[in-house]
Amino acid sequence: MSERLTDNLNSQYFEAANSLKSKQARRRIVAYVESYDDIFFWRTVLTRFENEERYFEVMLPAHRKLERGKKAVLASHEVPPDRGAMQGNVMRSDNMLRTPLPVEGLGKALIACVDADYDYLLQGATEQSRKVLQSPYVFHTYAYAIENLQCYAPSLHDLCVAVTLNDHRIFDFQDYLRQYSEALFPLFVWSVWAYRTGHHNKFSLSDFNRVADPGGFNVFDPQPSIDHLRRKVNNKIRQLQQQFPGNKEVYLQLKEQIKQLGVTPQTTYLYIQGHHLFDTVIVPILNKVCNRLRMERQEEISRTARHHTQKQNEMSCYEHSLQDIRQTLKKNLGYILSPIFRRIQDDIESYLGAHKDS
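First things first, this report covers the structure right here in the doc.

### Points about the overall build of the protein
Turning to step 1, where the next piece is worked out: Scanning the protein for helices and strands turns up 15 helices and six strands.
Turning to step 2, where the next piece is worked out: By the burial criterion, 50% of the 358 residues in the protein qualify as buried.
Turning to step 3, where the next piece is worked out: Of the contacts made within the protein by residues no fewer than 6 positions apart, 81% connect residues no fewer than 24 positions apart.

### Observations regarding helix 8 (residues 173–196)
Turning to step 1, where the next piece is worked out: A maximum bend of about 50° is found in helix 8 at F185, where proline P186 lies one to four positions downstream.
Turning to step 2, where the next piece is worked out: Most of helix 8 sits inside the fold, with 18 of its 24 residues counted as buried.
Turning to step 3, where the next piece is worked out: A side-chain oxygen of the first residue of helix 8 lies 3.3 Å from the backbone nitrogen of Q174; this N-cap is D172.
Turning to step 4, where the next piece is worked out: Positive phi shows up at G198, right after helix 8, with a value of about 80°.

### A short note on the packing of helix 8 against helix 11 (residues 248–260)
Axes are the key here: two packed helices are described by the angle between their axes and the distance separating the axes.
Turning to step 1, where the next piece is worked out: Direction vectors running N to C along helix 8 and helix 11 enclose 100°, while the axes themselves pass 10 Å from each other. For the element pair helix 8 / helix 11, the angle class is roughly perpendicular. When helix 8 is examined against helix 11, the residues F185, P186, F188, V189, W190, V192, W193 and R196 are found in contact with a partner set consisting of V250, Y251, L254, K255, Q257, I258 and K259.
Turning to step 2, where the next piece is worked out: Considering only residue class, the contact of helix 8 with helix 11 consists of eleven nonpolar, one polar and three charged.

### Here we look at the sheet that holds strand 1 (residues 27–32)
Turning to step 1, where the next piece is worked out: Reading across the sheet, the four strands line up as 2-1-5-6 and stay open at both edges, with parallel pairing between neighbours. At either margin of the open sheet sits one strand with a lone partner, and together these are strand 2 (54–59) and strand 6 (138–140). Pairwise comparison of adjacent strand axes, ignoring direction, gives a mean angle of 30° for this sheet.
Turning to step 2, where the next piece is worked out: Relative to strand 2, strand 1 is paired through six bridges, and the arrangement is parallel. Residue pairing in the sheet places R28 in a bridge with Y55 of strand 2.
Turning to step 3, where the next piece is worked out: Against the sheet, helix 2 (residues 36–46) makes contact with strand 1, strand 2, strand 5 (110–114) and strand 6, and its axis sits at roughly 165° relative to strand 2, the strand it touches most.
Turning to step 4, where the next piece is worked out: Sheet strands in contact with helix 15 (residues 339–354) are strand 1, strand 2, strand 5 and strand 6, and its direction is about 165° off that of strand 6.

### Some thoughts on the nonpolar core
Turning to step 1, where the next piece is worked out: Membership of the largest hydrophobic core comes to 102 residues, with the highest contact counts inside it found for Y180 and F188.
Turning to step 2, where the next piece is worked out: Beyond its immediate chain neighbours, meaning those up to four positions away, F188 contacts Y118, L121, F208, I258, V263, T268, Y271 and I272.

### So, the pairing of strand 5
Side-chain positions along a regular strand alternate between the two faces of the sheet.
Turning to step 1, where the next piece is worked out: Buried residues dominate strand 5, accounting for five of its five residues.
Turning to step 2, where the next piece is worked out: Of the two faces of strand 5, the one carrying L110, A112 and V114 and the one carrying I111 and C113 are both buried.
Turning to step 3, where the next piece is worked out: Where strand 1 meets strand 5, three bridges bridge the pair, whose relative direction is parallel. Of the residues in strand 5, the one forming a bridge with V30 is L110.
Turning to step 4, where the next piece is worked out: Pairing between strand 5 and strand 6: three bridges, direction parallel. Its bridge partner lying in strand 6, V114 is registered against H140.

### Describing the pattern of salt bridges
Turning to step 1, where the next piece is worked out: Following the criterion strictly, the structure yields 13 salt bridges and no others.
Turning to step 2, where the next piece is worked out: With a closest N to O distance of 3.1 Å, E50 and R43 form a salt bridge.
Turning to step 3, where the next piece is worked out: Across the pair K131 and E127 runs a salt bridge, and its minimum N-O distance is 3.3 Å. With a gap of four residues between them, K131 and E127 both fall in helix 5 (residues 127–134), about one helical turn apart.
Turning to step 4, where the next piece is worked out: A residue is classified by how much of its surface remains accessible, and K131, at 2% relative accessible area, is buried.
Turning to step 5, where the next piece is worked out: You can call E127 buried: its relative accessible area is 17%.
Turning to step 6, where the next piece is worked out: Through salt bridges that share partners, K70, D117 and D119 make up one connected network.

Basis of the calculations
- Residues numbered from 1 in each chain as written.
- Predicted model: local features only at pLDDT ≥ 70, side-chain atom pairs only at ≥ 80, totals over all residues.
- Heavy atoms only, no water.
- Helix = DSSP H or I, 4+ residues; strand = E, 2+ residues; numbered from the N terminus.
- Buried < 20%, exposed > 50% of the residue type's maximum accessible area, 1.4 Å probe, protein only.
- Contact = heavy atoms within 4.5 Å.
- Bend = angle between axes of the 7 residues up to and from the residue.
- Polar contact = N/O pair within 3.5 Å; in protein donor to acceptor, adjacent residues only side chain to side chain.
- Axes fitted to C-alpha atoms, helices over the stretch in contact; angles between N-to-C directions.
- Parallel < 35°, antiparallel > 145°, perpendicular 65-115°, else oblique.
- Nonpolar A, V, L, I, M, F, W, Y, C, P; charged D, E, K, R; others polar.
- Pairing = 2+ DSSP bridges.
- Core = buried A, V, L, I, M, F, W, Y, C linked by side-chain atoms within 4.5 Å.
- Salt bridge = Lys/Arg side-chain N within 4 Å of Asp/Glu carboxyl O.

Written out as C-alpha cells, the structure is:
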C-alpha cells in the first residue's frame, strides 16, 4: 500500500476504532509530533484536556518507517504555490490564506503538532506555511520551536536552582534576554523579510545566527556582550540596506505586521531558531551561572564543615544531588506560565469545542 493511501486512511482508521467502542469508553485522539523531544512538550499541552470522554496519545508518525520531522508529520504533497500573491517586496495577501490546502490523513481523531519555525510569521507566503495556518487539525508552537519555550526567561533562575541547589540570584536572565532581543529585533525583521520574499539565499538563517551569537561574556558584567551584539547587528543592517536599497517602506510595514502577530522587541529570542538559542545562547550562559553557584555552595561547605570527614560527606551528598544542565533544560516546564503556551492551549480548546458532539 502506498504511503499516501496509508496517510488518507489513518484518521479514518482512528475514527472507526473509536466508533466501535462503547459509549462509555474514552475516545482516543492521536497526536503526531516531529521528534522524541516533542513528545514530552505536547504531552504538557494536551494533558489538561483529557477527561472521562477522551484522551490523547502523542507519538511519532510510525507509518513513515521511523521518518521524523515536520514533513513527515504533515504528510505533505506537492501543490503549486500561489505566485499571484506576490505583491511588492513582501509576499503577503489575503489570497494566501483564502484557499485551504489539505493535509492528508488528518481529522478529528488524528492531529499534527509541530514547531512553528518561520511558518507562522510567513503568514501563507509558502505552501507549508499555508498548511500549518489553515488546517483545523494542525497545531503549532507560535514560538519558533519547543526549545525557545524551554528557554523561557522567567523560568531560568528556577532552573539554576534545580541544577545547583543554590537560590542565590547572581544573574538577571530576564533583563539579559530582554536586551538581547531588543538588540536583535531590527535584524530579525530583515530575516523574516528574506524568507517571505524568497531572498533567503542572500540572507539565510545561518547568516542571521552568526550575527545572533553573543559570544563570551562575564556573568557579573554582561553589558559588553550586548554592546558587541548591537555593533554586529548594525553592521549587517547597513550591508542589507546597501544590497536592497529603497526597502524602507516595506521594512516598516513588515515590522508592524510582525508586532501584530505577537512578536515584540523584548521577546525576539522566542522566535529565532530554537537550536541556536538553546545551544549557542542559553546553555553557555547557564554553564557559567551554574558553575559559579556550585562553587559558592562548595565554598560554603568547606568553610562551615567542622572536620575533614564531615566536609567529604557533605560534599559527596551535594555533588550527588546536582543535575545535568542540558537535560534539566529539556524538561523545563516554566513555559506553562507563558502567554504563548496559553495561546497553544486556546487553539486545542477551540478544536475540541468544534468536535464536541463528534
